[in-house]
Amino acid sequence: MTTKILALTDALGNLVRFELLPGHRFDTVGVEPLIEGIDFGGLVADKAFDSDWIIENLNERGAKIVISQHPRRAKPLVIDADVYKWRHLIENFFRKIKEFKRIAMRSDKTDTSFTAMIHACAALINSR
């Protein structure tokens, strides 16, 4: 059994919200509930989030789009390379959370207990 964790962090790399997805689902499936109801000025993401509907949603919000583009995109967007470098904050969050063996090994049997453990680990990371 595999599980994907889609996470939204703030500008400091602190967890804001996350969604659990089955390991075989596309990442874009979890984006809508992840960003719903949250105001933000921009989204920095990798190629997995390069989708027309996500870009349209961000344009409607007036948010800055810093998403690495798929090479096969017909009309690539121009992204701010200096801002894209800050994507390492989300990667750092995942690195820190996977230090906890229970998260890295997906030891919890239910999504509810796995979700609780992610919240507990994120709280511990933020308290350091």
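Novice: Can you help me understand the overall build of the chain in this one?
Specialist: Along the backbone of the chain there are six helices and four strands. Each helix and strand of the chain, placed in order from N terminus to C terminus, yields the pattern β-β-α-β-α-β-α-α-α-α. Counting over 128 residues, the chain shows a buried share of 37%. For the chain, the exposed area adds up to about 8200 Å²; of that, 54% sits on carbon and sulfur atoms. Of note, the chain has its 19 positive side-chain charges centred 7 Å away from the centre of its 17 negative side-chain charges.

Novice: Which parts of the structure should I look at to understand the pairing of strand E4 (residues 64-67)?
Specialist: Put simply, side chains in a regular strand alternate between the two faces of the sheet. Pairing geometry for strand E3 (residues 42-45) and E4, over four bridges, is parallel. For Ala45, the partnering residue across the bridge sits in E4 and is Ile67. As a crossover connection, the stretch from E3 through helix H2 (residues 52-61) into E4 is right-handed.

Novice: Just checking my understanding: could you explain unusual backbone geometry for this structure?
Specialist: Negative phi values dominate among residues other than glycine, just as trans dominates among peptide bonds. The phi torsion at Arg106 lies on the positive side, around 55°, for a residue other than glycine. Along the chain, Arg106 turns up in the loop between helix H5 (101-104) and helix H6 (111-127).

Rules used throughout
Residue numbers restart at each chain and count upward from 1, following the sequence in its written direction. Per-residue local features are limited, in this predicted model, to residues with pLDDT of at least 70; the limit for side-chain atom pairs, both in listing and counting, is 80 or more; totals at the level of whole chains, interfaces and linings are taken over all residues. To get the side-chain values, take all heavy atoms of the structure and skip hydrogens and water. Helix numbers and strand numbers start at the N terminus; a helix is a DSSP run of H or I with at least 4 residues, a strand a run of E with at least 2. A 1.4 Å probe rolled over the protein chains alone gives each residue an accessible area, and that area as a share of the maximum for its type sets the label: buried under 20%, exposed over 50%, partly exposed in between. Here the accessible surface of atoms and residues is derived via Shrake-Rupley with a 1.4 Å probe, and residues count as covered only by protein chains that are part of the display. Only four residue types enter the charge count: Lys and Arg as positive, Asp and Glu as negative, with His and the chain ends excluded. Lys charges are placed at NZ, Arg charges at CZ, Asp charges at CG and Glu charges at CD. When DSSP finds at least two bridges between two strands, those strands are taken to pair. By the criterion used throughout, a crossover qualifies as right-handed when its path from the first strand across the helix to the second strand runs clockwise, the strands pointing away from the viewer.

In short, the description is geometric, and any link to function would need to be established separately.
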